[in-house]
Amino acid sequence: MTAGDGLLVADLIGVAVFAASGASAGIAKRLDIFGIAFVGFIAALGGGILRDLVIGAVPPLAFADWRYAVTAVAAALAVFWLHPQLTRWRRAVLLLDAAGLGLFTVTGTLKALDAGVPAVGACLIGMLTAIGGGLARDLLTGEIPVVLQRDIYAVAALGGAILVTILRGADLADPLTMAVSALLITGVRLVALYRRWSAPVAAP
Amino acid sequence: MTAGDGLLVADLIGVAVFAASGASAGIAKRLDIFGIAFVGFIAALGGGILRDLVIGAVPPLAFADWRYAVTAVAAALAVFWLHPQLTRWRRAVLLLDAAGLGLFTVTGTLKALDAGVPAVGACLIGMLTAIGGGLARDLLTGEIPVVLQRDIYAVAALGGAILVTILRGADLADPLTMAVSALLITGVRLVALYRRWSAPVAAP
Amino acid sequence: MTAGDGLLVADLIGVAVFAASGASAGIAKRLDIFGIAFVGFIAALGGGILRDLVIGAVPPLAFADWRYAVTAVAAALAVFWLHPQLTRWRRAVLLLDAAGLGLFTVTGTLKALDAGVPAVGACLIGMLTAIGGGLARDLLTGEIPVVLQRDIYAVAALGGAILVTILRGADLADPLTMAVSALLITGVRLVALYRRWSAPVAAP
């Protein structure tokens, strides 16, 4: 297995986890099997589609490489059939979701930098890659996006994107940059979950 | 009238029908005349705009050819002025909507294939072309998209997109591919309506 | 200060005002500080991002020039900290919002014409540049977009975009075209506010 293969496998794990989150939201809203697959697809790949449109990489990877779409739909359908058992896996899903957050942020930021986007824009694109799918999932199921409400989630992604940009600027090797940044994002997210950290709201 | 003219006329009929569906949704939500025209425009052309962005055809046809925007807005305004009479035409609207579904799927899939998108991605883009406008219409009017809920609609489009891709691969002439696939999608959609077929939902 | 500098300053004032409107909507929905900054960013820059995607200008200006993102986020955070005082400034905000509407319409229409979009499409893109951010703000906060409901807002933008296109066709100098059209849009919007003009809704 080469480094590229490892990256693809990691990427597809992130796709599967985010698709599962979309499928769960669809089941909660009593969508039909197609709706559940669709929300899973968008939750997993919506952020990456937005990223690719914004950096001019058309057609987006979600349409150019069949493994992404197939992974997303398979994960969503697995949740459709298995969901009564899934409540027992809640901890595993949160862990994998945090890993997906870290990974999508890092690959999104690096792709934007490689496409010539300046630093501030690349950090924003990295964060949008990671949170865009969840945003679209919530809009499709009629909710105000949870990422905008009470949690350290997008902020961990943004911090990680800034770290990626700094390490790239310092000429660190890409695999090391990716590992350090993704672990940091995932770690911050997990600690925030564990300690119930949340961002402040405005004074009334 | 050449084949290209016939295709344009068929495409504009689809635009008009989808714009009418958007305008009806806007009236039900008590939007003003501008809101109704806007939701009609998005319902008719949102799917095609997404398709063109994803395959890199900029500016999208909705902005590059004035006939699309004018047809959409004219159809929406006609509904604005005529809507009390429209309830009598419900069957005609459902029939035309099924025809629009078939047509938009077929042209969307072929355009994606022509732009070099691989088979799986082209099928997804074809389906998104057909259902994207209705999705956007429902989001703009504050509804969970009806296509995600209880109907054989997007599934008919996806099946038709797969047929288009197979027939194109078998080197069938494009007009024949288009006619066969569009008729199949429209037919499946109409039979599903008539027999009240619907997709399964998850076990509770 | 050159003409280009003046344009940039005017553009950034529009960004700040629209970001403030997004932040206010976020506070009303009890979003956290990140959510408020995010809705502010999208309200200010969503229309321009859509415009740049549609005319093929990637990466969009919102990501290519850090001053746009920083201005939007700074304005949103200022509202987060100052909002109890903001109710006193309601008139100033409405005035600046009308100015932003005029300016975004004019620059959006001209950029579309410069990118080779035909007249009808360029007018639509100009209008979408001005209203797109507000649309996205309302979708993110779970509201049916206010621009679709009861006001002369988008119609003022569309009228101004048509004027821009006519004046450009008449070979008027760009700075004059921009000043005349932006003032007209802003003026119509302010008169509509003052006289409570609103667009008609459909007969029941």
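Just so we're clear, the structure is a prediction, and the values are computed from it rather than from any experiment.

Comments concerning the UniProt feature "domain: Glycine transporter" (unreviewed entry) in chain A
Residue and element names in this part refer to chain A.
Now for step 1: The residues that UniProt annotates with the feature "domain: Glycine transporter" (unreviewed entry) are residues 9-83 and 95-167.
Now for step 2: Segment residues 9-83 splits into 85% helix and 0% strand. End C-alpha atoms: 24 Å apart.
Now for step 3: The span residues 95-167 shows a helical share of 77% and a strand share of 0%, and its end C-alpha atoms are spaced 25 Å apart.

Regarding the relation of the copies chain B and chain A
Now for step 1: Mapping chain B onto chain A calls for a screw motion: a turn of 120 degrees about the axis and a shift of 0.0 Å along it, with 0.0 Å RMSD after fitting. Here the transformation between the copies is reduced to the relation of a three-fold axis.
Now for step 2: Interface residue correspondence from chain B to chain A reaches only 7%, placing this contact among heterologous pairings that use different surfaces.

Let's talk about the interface of chain B and chain A
Now for step 1: If you look at the interface, chain B gives 30 residues, while chain A gives 26 residues.
Now for step 2: The junction of chain B with chain A conceals about 2300 Å² of combined surface from both sides, 76% of it contributed by carbon and sulfur atoms.
Now for step 3: It is B:Val54, B:Leu148 and B:Ala202 in chain B that bury the most area against chain A; as a group they hold 26% of the surface buried on that side.
Now for step 4: For the pair chain B and chain A, the number of links is zero salt bridges.
Now for step 5: At the boundary of chain B and chain A, one finds two residue pairs in polar contact (both at pLDDT 80 or more).
Now for step 6: Elements supplying a minimum of two residues to the side of chain B that touches chain A: helix 2 (33-54), helix 6 (119-140) and helix 7 (154-169) of chain B.
Now for step 7: Looking at the side of chain B that touches chain A element by element, the count peaks at nine residues for helix 6 of chain B.
Now for step 8: The class makeup of the residues in the side of chain B that touches chain A is 25 nonpolar, three polar and two charged.

Some remarks on the interface of chain A and chain C
Now for step 1: Contacts between the two partners involve 30 residues from chain A and, on the opposite side, 25 residues from chain C.
Now for step 2: Interface of chain A and chain C: buried area, both sides summed, is about 2300 Å²; carbon and sulfur atoms make up 76% of it.
Now for step 3: When the buried area of chain A at its contact with chain C is split by residue, A:Val54, A:Leu148 and A:Ala202 rank highest and sum to 26% of it.
Now for step 4: Seen at the junction of chain A and chain C, the total is zero salt bridges.
Now for step 5: For the pair chain A and chain C, the interface holds two residue pairs in polar contact (both at pLDDT 80 or more).
Now for step 6: Mapped onto the side of chain A that touches chain C, the elements with two or more residues apiece are helix 2 (33-54), helix 6 (119-140) and helix 7 (154-169) of chain A.
Now for step 7: In terms of residues, the side of chain A that touches chain C owes the most to one element, helix 6 of chain A, which gives nine residues.
Now for step 8: Looking at the side of chain A that touches chain C residue by residue, the class counts come to 25 nonpolar, three polar and two charged.

A look at the packing of aromatic side chains
Residues and elements named next belong to chain A.
Now for step 1: Taken as a whole and assessed by the stated rule, the structure comprises 12 aromatic pairs over all chains.
Now for step 2: Judged by centre distance (4.9 Å) and plane angle (70 degrees), the ring pair of Phe18 and Phe104 falls under edge-to-face. You can see Phe18 sitting in helix 1 (residues 3-28) and its partner Phe104 sitting in helix 5 (residues 90-114), a full 86 residues away along the chain. Summarising the burial analysis for this pair, Phe18 and Phe104 share the class buried.

A word on the relation of the copies chain A and chain C
Now for step 1: Each copy superposes on the other: chain A lies on chain C with an RMSD of 0.0 Å after a rotation of 120 degrees and an axial shift of 0.0 Å.
Now for step 2: By residue overlap, the copies meet through two different surfaces: only 7% of the interface positions of chain A are interface positions in chain C.

Focus on the nonpolar core
Now for step 1: Counting residues in each nonpolar core, the largest one holds 187 residues, and the members touching the most others are A:Phe38, B:Phe38 and C:Phe38.
Now for step 2: In contact with A:Phe38, other than residues within four places in its own chain, are A:Leu140, B:Met127, B:Leu128, B:Ile131, B:Leu135 and B:Leu148.

As for the pattern of salt bridges
All names here are of chain A.
Now for step 1: According to the stated counting rule, one finds 18 salt bridges over all chains in the structure shown.
Now for step 2: Across the salt bridge formed by Arg51 and Asp52, the nearest N and O atoms sit 2.9 Å from each other.
Now for step 3: Arg51 gets classed as buried once you look at its relative accessible area, which sits at 8%.
Now for step 4: Through salt bridges with shared partners, a single ionic network connects Asp114, Arg168 and Asp174.

Notes on unusual backbone geometry
Now for step 1: Put simply, A:Val58 and A:Pro59 share a cis peptide bond, and its omega is -10 degrees.
Now for step 2: Mapped onto the fold, A:Pro59 is located in the loop between helix 2 and helix 3 (61-64).
Now for step 3: The phi angle at B:Arg196 is positive, at roughly 55 degrees, despite the residue not being glycine.
Now for step 4: Mapped onto the secondary structure, B:Arg196 falls in the segment after helix 8 (174-195).
Now for step 5: A positive phi angle, near 60 degrees, is found at C:Asp171, a position not held by glycine.
Now for step 6: Among the secondary structure elements, C:Asp171 is positioned in the loop between helix 7 (154-169) and helix 8 (174-194).
Now for step 7: A relative accessible area of 68% means that C:Asp171 is categorised as exposed.

Criteria and cut-off values
Residues numbered from 1 in each chain as written. Chains lettered and ligands numbered in written order. Predicted model: local features only at pLDDT ≥ 70, side-chain atom pairs only at ≥ 80, totals over all residues. Heavy atoms only, no water. UniProt positions renumbered as here; feature names shortened; annotations may be inferred. Helix = DSSP H or I, 4+ residues; strand = E, 2+ residues; numbered from the N terminus. Least-squares fit on C-alpha atoms with pLDDT ≥ 70 in both. Contact = heavy atoms within 4.5 Å. Buried area = accessible area lost by both parts, 1.4 Å probe. Salt bridge = Lys/Arg side-chain N within 4 Å of Asp/Glu carboxyl O. Polar contact = N/O pair within 3.5 Å; in protein donor to acceptor, adjacent residues only side chain to side chain. Nonpolar A, V, L, I, M, F, W, Y, C, P; charged D, E, K, R; others polar. Phe/Tyr/Trp six-rings, centres within 6.5 Å; stacked < 30°, edge-to-face > 60°. Buried < 20%, exposed > 50% of the residue type's maximum accessible area, 1.4 Å probe, protein only. Core = buried A, V, L, I, M, F, W, Y, C linked by side-chain atoms within 4.5 Å.

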